[in-house]
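Structure assessment
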There are 2 protein chains.
Amino acid sequence: MNSLETLRSFRIFAETLNFTHAAEELHLSQPALHTKIRELARSLGQPLYLKQGRQLHLTEAGQKLLVFAREMEARVQDFQRQLRGESEQPLRLASGQGAYRYLLGPALKAYRGQLELRLGGAESVRSGLAHLGVGVAPADISELEVQPFREVGQVLLIPKQHPLARKRRLRLRDCRDLQLVVPPPGRPQRLRLEECLPPFQVAAEAEGWELTLYFVVLGLGVAVVNSFCPVPKGFVARELDELPAVSYQVFLPKAYARPQARQLARLILNS
Amino acid sequence: MNSLETLRSFRIFAETLNFTHAAEELHLSQPALHTKIRELARSLGQPLYLKQGRQLHLTEAGQKLLVFAREMEARVQDFQRQLRGESEQPLRLASGQGAYRYLLGPALKAYRGQLELRLGGAESVRSGLAHLGVGVAPADISELEVQPFREVGQVLLIPKQHPLARKRRLRLRDCRDLQLVVPPPGRPQRLRLEECLPPFQVAAEAEGWELTLYFVVLGLGVAVVNSFCPVPKGFVARELDELPAVSYQVFLPKAYARPQARQLARLILNS
DNA sequence: TCCAAGCTATTCATCTAGACTATAGATTAT
DNA sequence: ATAATCTATAGTCTAGATGAATAGCTTGGA
């Protein structure tokens, strides 16, 4: 436990869940890695992984240790940089396309310091890949500090001539059997639509609001988009207030967030 | 560098600045400790201490490493507790008598969770002794996150019959040659008085506002106290607005504060 | 059903990092 | 001066880490 090298070994192993491959990556023999992990588990008094057939998976303790190991590695690296007087490691922000494009601009402009922008969300923060995240809250936000940032309503984008454009207020049942431009299956926005909307036809699949809007303008179909999206010429946006508003959040590691991450979080929350 | 045991060794050494004693405390031979520190310095590429005659003192890198080492140790301990499912380590708050007695009550009552209260301030936080501090800003607050909490004015406590009680507004020059109850030499409040007030007589020395007030009530002398102190019966408080207000601050470790520390800080700042 | 592939896990011989003893070198106090 | 108190180095030794060889388990395909 008291060696950072062991912690790193565990991290690599936990990320692959395969002793053989992990040992290669660590330039270590497989038995050496194995005993290392075994001793680590023994010193912590808890098994770190279990076997199901040939498949390994982390125990709860193992998952906690993985988070901890990533944190420690990052902390050590930060310190060594600081000591060498090198420039601070750039801050890594993980967010989605929409948030970058329409929500975060002012905060990013106001932030003085190096930034690395990644696509991602809460999961990127929890895994230590990003120092800060912005997105809609996923299922599991333990280990994360979550601060509500902005509520964004959902609107239906339709051509001015569309029959639905006459109504001031749209109900969900009006949307039955629409030809929709939607994200690919499995994406959060797609899941929300499938859950809340009446049955619809998939006219096209698009990643990101830009492409969605483009398809809509081409006339492939209409789309349900966040209300921050600009309305293209010749189209109107009709609020779907029966659809739950999407809540954007700022995610920080619960313990030991980098100071710059907090600073940027403050900028974002105040923007 | 990659062993936490080495980090602990350095911390003990850095706290004593004596290889022999530190080695004893670590149950290690003196040469073993010496080589450990030497290798640590080599791996970091910087000397960690220097010799002046027989006296050792930390370099800047050494001081940074000391802070880092304390932080890492604390983090590891927190993690091990968490893993063993033990109750969280109680939060240690360092503050002064006055702040405890007159400023922090509501926040401490509102805080749910174990607390350990210590006398101290920013220095306690920087050294890793406390997780959170409240006090007046000292000279060196690098490595600390400082948030202004409350401005407290200075008042002169005098008996109603005292000649100065007739004046509505007191000037500093009115206070020449007063018999004052003051803190012992060297304490911050004493230093401020010596710096700002005209010459005065020391009627008595007292630690803490309670004792100061008691001495004042006994008639040993008058006192300059924070305006949050309750005014005893038969006495009046006259503002000394020429004396700079004392600014109480909340201190957190700049990097990697414990989540509970942030929570309590928020409670304090909002109280 | 049985074998081959792909792992995990153990054993044992080997090797190295790190601990200790002994002692030199340096500085201050008496 | 000399003793006392440290830091620092040299050399030796050992516990523990490492790796080669291999046993044992599980899965998928012939």
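Residues numbered from 1 in each chain as written. Chains lettered and ligands numbered in written order. Predicted model: local features only at pLDDT ≥ 70, side-chain atom pairs only at ≥ 80, totals over all residues. Heavy atoms only, no water.

Topic: the overall build of chain A
Counting its secondary structure elements, chain A contains 10 helices and 12 strands. For 271 residues, the compact-globule estimate of 2.2 N^0.38 gives 18 Å, and the C-alpha radius of gyration of chain A, at 23 Å, exceeds that figure by more than 25%. Each principal axis of the C-alpha atoms in chain A carries an extent, and together these give about 70 × 50 × 25 Å. The proportion of buried residues among the 271 residues of chain A is 49%. Intrachain contacts of chain A at a sequence separation of at least 6 include 65% that bridge at least 24 residues. (Helix = DSSP H or I, 4+ residues; strand = E, 2+ residues; numbered from the N terminus. Rg over C-alpha atoms; globule rule 2.2 N^0.38 Å. Buried < 20%, exposed > 50% of the residue type's maximum accessible area, 1.4 Å probe, protein only. Contact = heavy atoms within 4.5 Å.)

Things to note about helix α9 (residues 209-218) of chain A
Residues that lie three or four places apart on an α-helix share one face, since the helix turns once every 3.6 residues. All names here are of chain A. Of all the positions in α9, only Trp209, Thr212, Leu213, Phe215 and Val216 are classed as buried. Buried positions in α9, seen along its axis, are confined to an arc of 160° and lie on one side of it. Positive backbone phi, approximately 90°, marks Gly219, located one or two places after α9. (Arc of directions from axis to C-beta.)

A closer look at the protein's contact with DNA strand C
As a matter of local geometry, DNA strand C sits amid 19 residues, with Phe19, His34 and Tyr49 of chain A together with Ser29 and Arg54 of chain B nearest to it. For DNA strand C, the backbone makes up 57% of the atoms found within 4 Å of the protein, where backbone means sugar plus phosphate. Within the side chain of Asn18 of chain A, a nitrogen or oxygen atom sits 3.4 Å from a sugar or linking oxygen of DNA strand C. Between DNA strand C and Tyr49 of chain A, the relevant distance is 2.5 Å, taken from a phosphate oxygen to a side-chain nitrogen or oxygen of the residue. Secondary-structure elements contributing two or more residues to the surface near DNA strand C are α2 (19-25), α3 (30-44) and β1 (49-52) of chain A together with α3 (30-44) of chain B. For the surface near DNA strand C, the class distribution of residues is 7 nonpolar, 7 polar and 5 charged. (Near = heavy atom within 4 Å. Polar contact = N/O pair within 3.5 Å; in protein donor to acceptor, adjacent residues only side chain to side chain. Nonpolar A, V, L, I, M, F, W, Y, C, P; charged D, E, K, R; others polar.)

Thoughts on helix α1 (residues 4-16) of chain A
Residues and elements named next belong to chain A. Taking 1.5 Å as the rise per residue, α1 with 13 residues should run 18 Å; its terminal C-alpha atoms sit 19 Å apart, in good agreement. Residues Leu4, Thr6, Leu7, Ser9, Phe10, Arg11, Ile12, Phe13 and Ala14 constitute the buried set of α1. Two to three positions downstream of the cap, the backbone nitrogen of Glu5 sits 3.0 Å from a side-chain oxygen, assigning the N-cap of α1 to Ser3. Looking one or two residues past α1, Leu17 carries a phi angle of roughly 55°, positive in sign. (Expected span 1.5 Å × (residues − 1).)

Some points on the relation of the copies chain B and chain A
Note on the chain copies: they are related by a rotation about an axis and a translation along it. Rotating chain B by 180° about the axis while translating it 0.1 Å along that axis superimposes it on chain A, leaving an RMSD of 0.2 Å. Within this description, the copies of the chain are treated as partners about a two-fold rotation axis. Minimal C-alpha separation from the rotation axis in chain B is found for Tyr256 of chain B, amounting to 1.7 Å. Most of the interface of chain B is mirrored in chain A, where 100% of its interface residues again form contacts. (Least-squares fit on C-alpha atoms with pLDDT ≥ 70 in both.)

Let's talk about the interface of chain B and chain A
Each partner contributes to the interface: chain B provides 31 residues, whereas chain A provides 31 residues. For the pair chain B and chain A, the summed buried area comes to about 2900 Å², and 64% of that belongs to carbon and sulfur atoms. Of all residues in chain B, the largest losses of buried area upon contact with chain A belong to Arg75, Leu83 and Tyr256 of chain B, amounting jointly to 27% of the total for that side. At the surface where chain B touches chain A, the tally comes to 2 salt bridges. For Glu71 of chain A, the salt bridge identified is with Arg75 of chain B, shortest N-O distance 2.3 Å. Seen at the junction of chain B and chain A, the total is 4 residue pairs in polar contact (both at pLDDT 80 or more). Taken together, the elements giving at least two residues each to the side of chain B that touches chain A come down to α1 (4-16), α4 (60-83) and α10 (259-270) of chain B. In terms of residues, the side of chain B that touches chain A owes the most to one element, α4 of chain B, which gives 13 residues. Within the side of chain B that touches chain A, the residues separate by chemical class into 14 nonpolar, 5 polar and 12 charged. (Buried area = accessible area lost by both parts, 1.4 Å probe. Salt bridge = Lys/Arg side-chain N within 4 Å of Asp/Glu carboxyl O.)

Looking at the packing of α1 of chain B against α4 of chain B
Residues and elements named next belong to chain B. In contact at an axis separation of 9 Å, α1 and α4 are set at 125° when each is read in the N-to-C sense. Here α4 runs oblique to α1, going by the angle between their axes. In the packing of α1 onto α4, the handedness of the crossing is left-handed. Facing α1, whose interface residues are Leu4, Leu7, Arg8, Phe10, Arg11, Ala14 and Glu15, α4 presents Gly62, Leu65, Leu66, Phe68, Ala69, Arg70, Met72, Glu73 and Val76. Residue composition of the contact of α1 with α4, grouped by class: 10 nonpolar, 1 polar and 5 charged. (Axes fitted to C-alpha atoms, helices over the stretch in contact; angles between N-to-C directions. Parallel < 35°, antiparallel > 145°, perpendicular 65-115°, else oblique. Left-handed = near helix turned anticlockwise from the far one by under 90°.)

So, the domain arrangement of chain A
Residue and element names in this part refer to chain A. Taken domain by domain, chain A comprises domain 1 (4-84), domain 2 (91-149 + 248-270) and domain 3 (154-244). Computed over C-alpha atoms only, the centres of domain 1 and domain 2 are separated by 26 Å. The partner domain 2 presents 7 residues to the 5 residues of domain 1 that form the contact. Here domain 1 packs against domain 2, burying approximately 460 Å² in sum over the two surfaces, 51% of which is carbon and sulfur. Of all residues in domain 1, Val67, Arg70 and Glu71 bury the most surface against domain 2, accounting for 71% of the area lost on that side. For Arg258, the salt bridge identified is with Asp78, shortest N-O distance 3.3 Å. At the surface where domain 1 touches domain 2, the tally comes to 1 residue pair in polar contact (both at pLDDT 80 or more). (Domains from an automatic or database assignment.)

A short note on the pairing of strand β3 (residues 91-95) of chain B
Residue and element names in this part refer to chain B. The element β3 is largely enclosed, with a buried count of 5 among its 5 residues. Of the two faces of β3, both are covered, the one formed by Leu91, Leu93 and Ser95 as well as the one formed by Arg92 and Ala94. As paired elements, β3 and strand β4 (residues 115-119) share 5 bridges and run parallel to each other. Residue Ala94 lies in a different strand from β4, and its bridge partner there is Arg118. Two elements, β3 and strand β5 (residues 132-136), share 3 bridges in a ladder whose sense is parallel. Its bridge partner lying in β5, Leu93 is registered against Leu132. (Pairing = 2+ DSSP bridges.)

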